[in-house]
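Coordinate analysis (summary)
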Amino acid sequence: MVTPQKRQTVSWLTRRFAEVGLEPNRRHGQNFLIDYNLIELLARTAELQPRDVVLEVGTGTGALTALMAPQAGWIVTVEIDEHLAQLAREELEYQSNVTILHQDVLKNKNRMSPAVMEAVDAAMVRVPDARMKLAANLPYNIATPVISNLLRTPRTPETMTVTIQKELADRILARPSTKDYGALSVWIQSLCDVELVRVLPPSVFWPRPKVESAIIQIRHRSERRDEIADTEFLHQFLRKIFLHRRKYLRSVAVSAFREVLDKPRVDEVLRRGGLAAQARAEELTVEKLQALSELFRRAVQEGQPDA
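Calculation notes
- Residues numbered from 1 in each chain as written.
- Predicted model: local features only at pLDDT ≥ 70, side-chain atom pairs only at ≥ 80, totals over all residues.
- Heavy atoms only, no water.
- Pairing = 2+ DSSP bridges.
- Helix = DSSP H or I, 4+ residues; strand = E, 2+ residues; numbered from the N terminus.
- Axes fitted to C-alpha atoms, helices over the stretch in contact; angles between N-to-C directions.
- Contact = heavy atoms within 4.5 Å.
- Nonpolar A, V, L, I, M, F, W, Y, C, P; charged D, E, K, R; others polar.
- Buried < 20%, exposed > 50% of the residue type's maximum accessible area, 1.4 Å probe, protein only.

Turning our eyes to something else, we now look at the sheet that holds strand 11 (residues 213-220). Across a sheet, strands are paired by hydrogen bonds formed along the backbone, either parallel or antiparallel in direction. Sheet architecture is open: seven strands sit in the order 4-3-2-7-8-11-9, paired in mixed fashion. The sheet is open, and its two borders are formed by strand 4 (98-102) and strand 9 (192-200), each paired with just one other strand. The sheet shows a mean angle of 20° between the axes of neighbouring strands, taken without regard to direction. Pairing analysis gives seven bridges linking strand 8 (residues 159-165) to strand 11, with the strands arranged antiparallel. By the bridge assignment, T159 is partnered in strand 11 with R219. With respect to the sheet, helix 8 (residues 166-173) is in contact with strand 8, strand 9 and strand 11, its orientation differing from that of strand 8 by roughly 130°.

Further remarks concern the packing of helix 8 against helix 9 (residues 183-191). Interaxial distance between helix 8 and helix 9 falls to 7 Å at its minimum, and their mutual angle equals 65°. Counting all contacts with helix 8, which are made through L168, R171, I172 and L173, the residues of helix 9 involved are L184, S185, I188 and Q189. Its residues placed into classes, the contact of helix 8 with helix 9 shows five nonpolar, two polar and one charged.

Further remarks concern the environment of A72. Locating A72 in the fold gives a position in the loop between helix 4 (63-68) and strand 3 (74-79). For A72, a relative accessible area of 8% puts it in the buried group. Residues A72 and L295 lie 223 residues apart in sequence; the distance between their C-alpha atoms is 43 Å. Discounting residues that sit within four places of it in the chain, A72 has contacts with L48, Q49, P50, D52, V54 and N97.

Structural data, given as structure tokens:
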């Protein structure tokens, strides 16, 4: 059996890929982490225990999977590339607590694949007192929808420990009145604590990407979720309100809610929120936007015919 240390070096990858006639598929965001210390850091930061059911997105050759399997209760790992999925099966054949799925982890950009979530549910049944975590070297092209959509599922991960583009990490961690602050920042910070673990240079990947990456950990806070009356409304509200981030908040809100609220009603909601018509969404704190979302939710509810 090949150890994880030997599995994820440039020489091992190029040789193994040549043996099976493969080349990295950039369309699938395939950039393999080749620094074993960083693979180990990712697994260590996830703080896995026997009660943890881990969802891994982007199995690759199974290097991270093999490292996590002895620590976790069960791993559901998803690989969209048929040839890589087969390669991973060969490398992970001795791991009895790993489910390898060859498929897209997303049903569409707004929803996780039901088959993937069913596999996670099945694993949760196998593991006593189970809790779910995401730990992955996420393919760049699906990192945003995977993270965002998992926060919308009934089976929310306790933690998400992932490698992503640093640009995306900056957006997730952004503060008000900065260029990176937007709907994603507020959505994740409304529900979670976020920590930047390590910035990664392109040289630790094969093939080398053109951008820096980062390991971050997102820790779900259920008590924050419990304080939000309707998380789905908040998610949709944030997407609408940041659609034209440089426009005045009143103008954006009038457009976003034109089918259910007239201009005087929008003005009334903003007044209740203590906001001037010239305010912009990008200037408001997470807490202020949460409160504003709730005011709009109530206004929309009051405006329904059967309210």
